[in-house]
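Residues per chain, in single letters:
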Amino acid sequence: MRNMSVAEQAASNVLTRLRDAGHIAYFAGGCVRDRLLGLTPKDFDVATDAPPAKVRDVFARTQAVGQAFGVVLVHDFGAPIEVATFRTDGDYKDGRRPEAVTFADAEHDAQRRDFTINGLFFDPREDRVIDYVGGRRDLADRVLRAIGDPEERFDEDHLRMLRAVRFAARFGLTIEPLTAAAITRDAQKLSRISGERIADELRRMLAPPTRSAAYALLWRFGLLRGIFQTLMPEGNYSFDADQSLLLALSPGATVSPPLAILCAAIDCRWQAAHRRPDLLSNLSPNEVSKILGALRGALKLSNDETGHMADVARWTHRLLITAHPPVALMKRFLARPHAKDALALLDAMAAIGVATERIAALRRQLDGLGDGEVAPPPLLTGDMLVAAGYRPGPGFKSALDTVYDEQLEGRVRTGDEALAMGKTLLSNQSAAT
């Protein structure tokens, strides 16, 4: 017997319980698509003819996450399972959600979904895929196709344009011509979508190894202009793949979403300026501040994410403008939480021909540090200075930093040496004032 994940077992239990109560119930959407592609689904959704009130009667622990749209979350079996009532959608007036829904049957429910590959149902009892929209054929042909009129689908929910890019890149699909043409025509409508929703799509499409395919489609359809308007004022942009940081970023590997989005934003800034990337001007504190400000406005990124980006950009810039970085600086850099991302950014720059010699020298210097501890505990602490009779003041941090740098350089090796140096520095400070 095939082993089931907790989520699949929970969904199977939900489906069985609904059927035992006299209702139609199927697996729906992405989990069906993934199984047909030979992938292991992470999430399992259930679609049913039971209206939300009936669903809540059948199960003991439920949560109405979208009851007006027929969606109930069931918590009875160890993993939350989303149960959606078959429906048709009314008019969309905000480019995001329908004004109202009407509960319907499975065939009409399939017709209101976004793409044929996501409009499939699966009946595990009969081991049968239920396909009203031609999704199985499109999966076999590796095609992404909107259900019905693509213009209507994208007008209903503008975010579907980004979802089309993500699915096409993730699964290696070709977007069929009518669907592609509709995305191109409607690209600027992305400005009506909330930054949070756009950011979530960018995280999911630009961080995985398939980001190069997604990024090429974003440029092809003009979607980046709808996202980064302040970085890309009105104009005609011809994307130069050979000068793209994002395309050069850790090919074949997953990267952090903040790093991916930062590289995409820098790319847009460079391409909009119609010039070859210039390292110092484009990663200077002033330029990075402009880029992060644009990202906050466009994507409503969290402080943690923008702080992550700022740290990566700041250290990358600092290393590159420091002619001969001391060992202490390099060790402080390697101890930073986002040092791996800064190194990936440096490698991407070198890959597109920016500061190649400087970055090669940095890499040699980093390799020369060996495998020793880059962030050992400080030999000198503020408490030690207080115990030695010094009163805390503005000079404490400067003295502690200087002594720690000397420790990292290997010139201070014991607590006694560290304390002696700290005393000398504080005494010199007092004498100077």
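To keep things clear, this report deals only with the structure shown in the data block.

Cut-off values and rules
Residues numbered from 1 in each chain as written. Predicted model: local features only at pLDDT ≥ 70, side-chain atom pairs only at ≥ 80, totals over all residues. Heavy atoms only, no water. Salt bridge = Lys/Arg side-chain N within 4 Å of Asp/Glu carboxyl O. Buried < 20%, exposed > 50% of the residue type's maximum accessible area, 1.4 Å probe, protein only. Helix = DSSP H or I, 4+ residues; strand = E, 2+ residues; numbered from the N terminus. Axes fitted to C-alpha atoms, helices over the stretch in contact; angles between N-to-C directions. Parallel < 35°, antiparallel > 145°, perpendicular 65-115°, else oblique. Contact = heavy atoms within 4.5 Å. Nonpolar A, V, L, I, M, F, W, Y, C, P; charged D, E, K, R; others polar. Phe/Tyr/Trp six-rings, centres within 6.5 Å; stacked < 30°, edge-to-face > 60°. Lys NZ or Arg CZ within 6 Å of the ring centre and 35° of its normal. Core = buried A, V, L, I, M, F, W, Y, C linked by side-chain atoms within 4.5 Å. 1 Å grid on protein atoms, 1.4 Å probe; cavity = no way out; pocket = protein on both sides within 12 Å on 5 of 7 lines; lining within 4 Å. Points joined across faces, edges and corners; volume = space filled by probe spheres on them. Pairing = 2+ DSSP bridges. Left-handed = near helix turned anticlockwise from the far one by under 90°.

## A look at the pattern of salt bridges
- Enumeration over the complete set of coordinates arrives at 28 salt bridges.
- For the salt bridge of R33 with D34, the shortest nitrogen-to-oxygen distance reads 2.9 Å. Judged on exposure class, the residue R33 and its partner D34 are both buried.
- Residue R363 pairs with D347 through a salt bridge whose shortest N-O separation is 2.6 Å. With R363 in helix α19 (residues 356–367) and D347 in helix α18 (residues 339–351), the pair connects residues that are 16 residues apart, well separated along the chain.
- Assessed through its relative accessible area of 29%, R363 is described here as partly exposed.

## Focus: the packing of helix α9 (residues 195–206) against helix α10 (residues 211–220)
- Direction vectors running N to C along α9 and α10 enclose 130°, while the axes themselves pass 8 Å from each other. Classed by the angle they form, the pair α9 and α10 counts as oblique. Touching L202, M205 and L206 of α9 are R211, A214, Y215 and L218, all from α10.
- Of the residues that constitute the contact of α9 with α10, the class distribution is 6 nonpolar, no polar and 1 charged.

## What to know about the environment of T40
- Of note, T40 is situated in the loop between α2 (30–36) and β2 (45–48).
- Assessed through its relative accessible area of 70%, T40 is described here as exposed.
- Between the C-alpha atoms of T40 and S5, which are 35 residues apart in sequence, the distance is 9.3 Å.

## Considering the packing of aromatic side chains
- Scanning the model with the defined rule gives 10 aromatic pairs in all.
- Ring centres 6.1 Å apart and planes at 80° place the aromatic pair F115 and F167 in the edge-to-face group. Residue F115 is found in the loop between α4 (106–111) and β8 (120–123), and its partner F167 is found in helix α7 (residues 160–171); the two are separated by 52 residues along the sequence.
- On the basis of an interplanar angle of 85° and a centroid distance of 6.3 Å, the ring pair of Y215 and W219 is categorised as edge-to-face. Separated by 4 residues within a single helix, Y215 and W219 lie in helix α10, roughly one turn from each other. A single burial state applies to Y215 and to W219, both of which are buried.
- Grouped by ring-pair contacts, the aromatic residues F115, F154, F167 and F171 constitute a single cluster.
- In this structure, R166 is placed above the aromatic ring of F167, and the distance from its NZ or CZ to the ring centre is 4.9 Å.
- Note that R318 overlies the ring of W315, its terminal NZ or CZ placed 4.9 Å from the centroid.

## With respect to the nonpolar core
- One finds L202, L218, L223, F228, L295 and L299 to be the most contacted residues of the largest nonpolar core, which totals 109 residues.
- At 10 residues, the largest contribution of residues to this core is made by helix α13 (residues 257–273).
- Membership of the second largest hydrophobic core comes to 10 residues, among which are A47, F86, A110 and I130.

## A short note on the layout of surface pockets
- In this structure, the largest pocket encloses a volume near 1,800 Å³.
- Taken together, 49 residues line the largest pocket, and the ones lying closest to its centre are D45, E82, R163, R166 and R204.
- Residue assignment for the lining of the largest pocket shows that the elements contributing at least two residues are α2, β2, β3 (62–66), β4 (71–74), β5 (81–85), β6 (87–89), α7 and α9.
- The dominant element in the lining of the largest pocket, judged by the number of residues it contributes, is α7, at 6 residues.

## Comments concerning the sheet that holds strand β1 (residues 25–28)
- An order of β3-β4-β5-β2-β1-β8-β9 is seen for the 7 strands of this open sheet, with the pairing classed as mixed. The open sheet is flanked by β3 and β9 (128–131), the only strands paired with a single partner. Between one strand axis and the next, the sheet turns by 35° as a mean value, whatever way the strands run.
- Looking at chain direction, β4 and β5 are connected through 4 bridges and run antiparallel. Within β5, the residue paired with L73 across the bridge is E82.

## Here's the deal with the packing of helix α16 (residues 303–321) against α18
- In the contact formed by α16 and α18, the axes pass within 9 Å of each other and the chain directions differ by 55°. Considered as vectors, α16 and α18 are oriented oblique to each other. Where α16 crosses over α18, the two elements pack in a sense that is right-handed. Contacts from H308, V312, T316, L319 and L320 of α16 reach α18 at D341, A342, L345, L346 and M349.
- Split by residue class, the contact of α16 with α18 holds 7 nonpolar, 2 polar and 1 charged.

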